[in-house]
Amino acid sequence: MIATSHYVILSLVLFALGIVGLTVRRNFITVLMCIELILNAANINFIAYSRQLGDLTGQVFAVFVITIAAAEAAIGLGIIVALVRLKHNVNLDQVNVMEG
Amino acid sequence: MLAWFLANFSAIVFYCLAAVAVAGAVGVIAFRSPVHAALSLLGSFLAVAGVFILLHAEFLAAVQILVYAGGVMVLFLFVIMLVNVRTLTGEGQYVRRLVPAAVVLGIVLAVLIGVGVVAGGQGAVADPAALTAVAGVPLGNTEAVGWSLYRDYLLPFEVVSVVLLVAMIGAIVLGRKELGAKEGA
């Protein structure tokens, strides 16, 4: 039996790597992938504590998180397609239409 | 040796899966090509699905593979294919101030791991039979999750379905051809 703290640490490492990717990368597609990593890390936490507490609520909420992640990926990739049509670029530093 | 291996089998599997998941996440950040990053992310997702099985969440492991590996990754690869590769792999892929970012990350991660060890080490792990029981009767993880989802969390379930509908409409609107044509005219 592996202690819950091991799963929590795995989740934290994945979360931190996602945050690093968000801050370091400029490619919009890679940034979206890092958001998926962060949501996945949240799921590991939900399910680890679901096992720790013997309560299924964590697993149900992980289902909701997966749903939101799928919706976010669909919208984000739609934005990328529109962005490429408009600017022929997915570099986040050069997307400054709303900067004013 | 064999006895030790069998006694610690789940721990060995966990550490292998965790190493693959973390290596995949590092690959997402490190690979310059988005296709390589997407495949690396796929490896990370599959390893996390294995971790879910270790946590007695078999239904979520299947959902993880179906939705992430089957749906989201195909979507990513399709978009990468649609977009010209040269616009994806040009200069300026990384922010230059890497050292301050790494320092901040190290501090945040150390604090978080400290909190995680303290919070995760408290109390005993519950009996895993609770994760497969429907109203006290042991059935299976899928039945138990479905029971909880449709009985206790019916309203959030319906709200999430509306969110999915809105996301679908939004993606269709964003993907229309007129959006680009209007700008050009």
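The structure under discussion appears in the preceding block.
Conventions and cut-offs
Residues numbered from 1 in each chain as written. Chains lettered and ligands numbered in written order. Predicted model: local features only at pLDDT ≥ 70, side-chain atom pairs only at ≥ 80, totals over all residues. Heavy atoms only, no water. Contact = heavy atoms within 4.5 Å. Buried area = accessible area lost by both parts, 1.4 Å probe. Salt bridge = Lys/Arg side-chain N within 4 Å of Asp/Glu carboxyl O. Helix = DSSP H or I, 4+ residues; strand = E, 2+ residues; numbered from the N terminus. Buried < 20%, exposed > 50% of the residue type's maximum accessible area, 1.4 Å probe, protein only. Polar contact = N/O pair within 3.5 Å; in protein donor to acceptor, adjacent residues only side chain to side chain. Core = buried A, V, L, I, M, F, W, Y, C linked by side-chain atoms within 4.5 Å. Phe/Tyr/Trp six-rings, centres within 6.5 Å; stacked < 30°, edge-to-face > 60°.

Trainee: Which residues make up the interface of chain B and chain A, and what values go with them?
Mentor: Opposite the 86 residues of chain B that make contact, chain A presents 72 residues. Note on chain B versus chain A: buried area summed over both sides is about 6,700 Å², and carbon and sulfur give 78% of it. On the chain B side of the contact with chain A, B:Ile29, B:Leu55 and B:Phe76 bury the most area, a combined 10% of that side's loss. Run the count over chain B and chain A and you get zero salt bridges.

Trainee: Could you give an account of the side chain of A:Arg25, naming the residues involved and the relevant values?
Mentor: Mapped onto the elements of the fold, A:Arg25 is located in the loop between helix H1 (4–24) and helix H2 (28–53). Classification of A:Arg25 as buried rests on a relative accessible area of 2%. Reaching out from A:Arg25, the side chain makes a polar contact with the backbone oxygen of B:Ile29 at a distance of 2.8 Å. Separated by 2.7 Å, the side chain of A:Arg25 and the backbone oxygen of B:Phe31 make a polar contact.

Trainee: Give a detailed account of the nonpolar core, specifying residues and quantitative values.
Mentor: In a soluble, globular protein the nonpolar side chains are often hidden away together inside. One finds A:Leu14, A:Met33, A:Ile80, B:Phe52, B:Leu60 and B:Phe76 to be the most contacted residues of the largest nonpolar core, which totals 55 residues. Listing elements by their share of this core, those giving two or more residues are H1, H2 and helix H3 (57–87) of chain A together with helix H2 (9–30), helix H3 (34–54) and helix H4 (58–82) of chain B. For B:Leu60, the residues in contact, after removing those within four places along its chain, are A:Ile47, A:Gln59, A:Ala62, A:Val63, A:Ile66, B:Phe52 and B:Asn141. Counting residues in hydrophobic clusters, the runner-up holds ten residues, among them A:Phe64, B:Val134, B:Tyr153 and B:Val160.

Trainee: Lay out the environment of A:Leu14 with the relevant residues and their values.
Mentor: Along the chain, A:Leu14 turns up in helix H1. The class for A:Leu14 is buried, based on a relative accessible area of 1%. For the pair A:Leu14 and A:Ile2, spaced twelve residues apart in the sequence, the C-alpha separation amounts to 18 Å. Leave out the neighbours within four places in its chain, and A:Leu14 touches A:Ala41, A:Ile44, B:Ala21, B:Val22, B:Ala25, B:Ser44 and B:Val48.

Trainee: Mind laying out the packing of aromatic side chains, listing which residues take part and the relevant values?
Mentor: Inspection of every chain in the model, using the stated rule, returns seven aromatic pairs over all chains. Residues B:Tyr150 and B:Phe157 carry aromatic rings whose centres are separated by 5.1 Å and whose planes lie at 80 degrees to one another, so their mutual orientation is edge-to-face. Residue classification places B:Phe157 among the partly exposed positions, given a relative accessible area of 26%. In textbook terms, an aromatic cluster arises when at least three aromatic residues are bridged by ring pairs, as seen for A:Phe46, A:Phe61, A:Phe64 and B:Tyr153.

Trainee: Account for the pattern of salt bridges, naming residues and giving values.
Mentor: Applying the stated criterion to the full structure yields one salt bridge over all chains. Its salt-bridge partner being B:Arg151, residue B:Asp152 comes within 3.0 Å of it at the nearest N-O pair.

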